[in-house]
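# Observations on chain architecture
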Amino acid sequence: MREDPQGAEQDFREAIRRRPGNSAAHRNLALVLVEHLGREAEALEVLDEFCKTQPVSDGLVWLGRGVLRARRGDVAEARKDARRGLELNRQPIAVYQAACIEALDPNPTMESLRRTMELLTEAFRGDSSLISIAVQDEDLRHIQNTRLFKDLISLMRFVSPKE
């Protein structure tokens, strides 16, 4: 994808044309649009359309859409997507995405901060490689300088030396 994002976009669009219910193709198209082509609004449209027209049993689709919604400031709808996504998928990357949704709240409460830390802890326990991603992840920028986040990172690195 990195070498030819336009080619990847075309490939995923063709996969969707052939199999409109292919959740992985929709997720990957959205990923290419956001991460490699800078077309976040279009990525959200892709996931919105998929969620409206297909039965979605892929938790990562809901969570991906939730992250994009939270980035736009629609935290209430993003949290609904996070709940749906986590009902379907509790893998570490899914839990991590739910934490990002919480962390993108522009007006966090102590409850949302606690929830973010719980989700990050669960994600890091399941996959310690997420620790190094979290310290640089723009979606976590609102909490990265907090003592609580720094302490969590230190603790998880201590108990997960393979990170």
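These numbers come from a predicted model, not from an experiment.

## Some words on the nonpolar core
Leu-63, Tyr-96, Leu-120, Phe-124, Leu-140, Ile-143 and Phe-149 are the most contacted members of the largest nonpolar core, which has 31 residues in total. Every element with two or more residues in this core is listed here: helix 4 (59-71), helix 5 (75-88), helix 6 (92-103), helix 7 (110-126), helix 8 (129-134) and helix 9 (147-159). Discounting residues that sit within four places of it in the chain, Phe-124 has contacts with Tyr-96, Leu-130, Ile-131, Ala-134, Leu-152, Ile-153 and Met-156. Val-32, Leu-44, Phe-50 and Leu-68 belong to the second largest nonpolar core, which has 19 residues in total.

## Quick notes on the packing of aromatic side chains
Applying the stated rule across the entire model yields zero aromatic pairs. Sitting over the face of the ring of Trp-62, Arg-84 holds its NZ or CZ atom 4.6 Å from the ring centroid.

## Section: the pattern of salt bridges
For side chains of opposite charge, pairing can occur when their charged atoms come near one another. This structure, assessed with the given rule, holds 23 salt bridges. Between Arg-69 and Asp-81 there is a salt bridge, with the nearest N and O atoms lying 3.1 Å from each other. Of this pair, Arg-69 sits in helix 4 while Asp-81 sits in helix 5, placing them 12 residues apart in sequence. Of the two residues examined, Arg-69 and Asp-81, each falls in the buried class.

## Examining the environment of Glu-14
Looking at where Glu-14 falls in the secondary structure, it is placed in helix 1 (residues 5-18). Glu-14 sits 11 residues away from Ala-25 along the chain, and the two C-alpha atoms are 9.0 Å apart. Among the polar contacts made by the side chain of Glu-14, one reaches the side chain of Arg-17 at a distance of 2.6 Å. A polar atom in the side chain of Glu-14 sits 2.7 Å from the side chain of Arg-18.

## Concerning the packing of helix 4 against helix 6
Closest axis-to-axis distance for the helix 4/helix 6 pair is 9 Å, and the angle between their directions is 20 degrees. Relative to helix 6, the element helix 4 lies roughly parallel. Crossing handedness for the pair helix 4 and helix 6: left-handed. Contacts from Leu-60, Leu-63, Gly-64, Gly-66, Val-67 and Ala-70 in helix 4 reach Ile-93, Ala-94, Gln-97, Ala-98 and Ile-101 in helix 6. A class-by-class count of the residues in the contact of helix 4 with helix 6 yields eight nonpolar, three polar and no charged.

Scoring rules and cut-offs
- Residues numbered from 1 in each chain as written.
- Predicted model: local features only at pLDDT ≥ 70, side-chain atom pairs only at ≥ 80, totals over all residues.
- Heavy atoms only, no water.
- Core = buried A, V, L, I, M, F, W, Y, C linked by side-chain atoms within 4.5 Å.
- Buried < 20%, exposed > 50% of the residue type's maximum accessible area, 1.4 Å probe, protein only.
- Helix = DSSP H or I, 4+ residues; strand = E, 2+ residues; numbered from the N terminus.
- Contact = heavy atoms within 4.5 Å.
- Phe/Tyr/Trp six-rings, centres within 6.5 Å; stacked < 30°, edge-to-face > 60°.
- Lys NZ or Arg CZ within 6 Å of the ring centre and 35° of its normal.
- Salt bridge = Lys/Arg side-chain N within 4 Å of Asp/Glu carboxyl O.
- Polar contact = N/O pair within 3.5 Å; in protein donor to acceptor, adjacent residues only side chain to side chain.
- Axes fitted to C-alpha atoms, helices over the stretch in contact; angles between N-to-C directions.
- Parallel < 35°, antiparallel > 145°, perpendicular 65-115°, else oblique.
- Left-handed = near helix turned anticlockwise from the far one by under 90°.
- Nonpolar A, V, L, I, M, F, W, Y, C, P; charged D, E, K, R; others polar.

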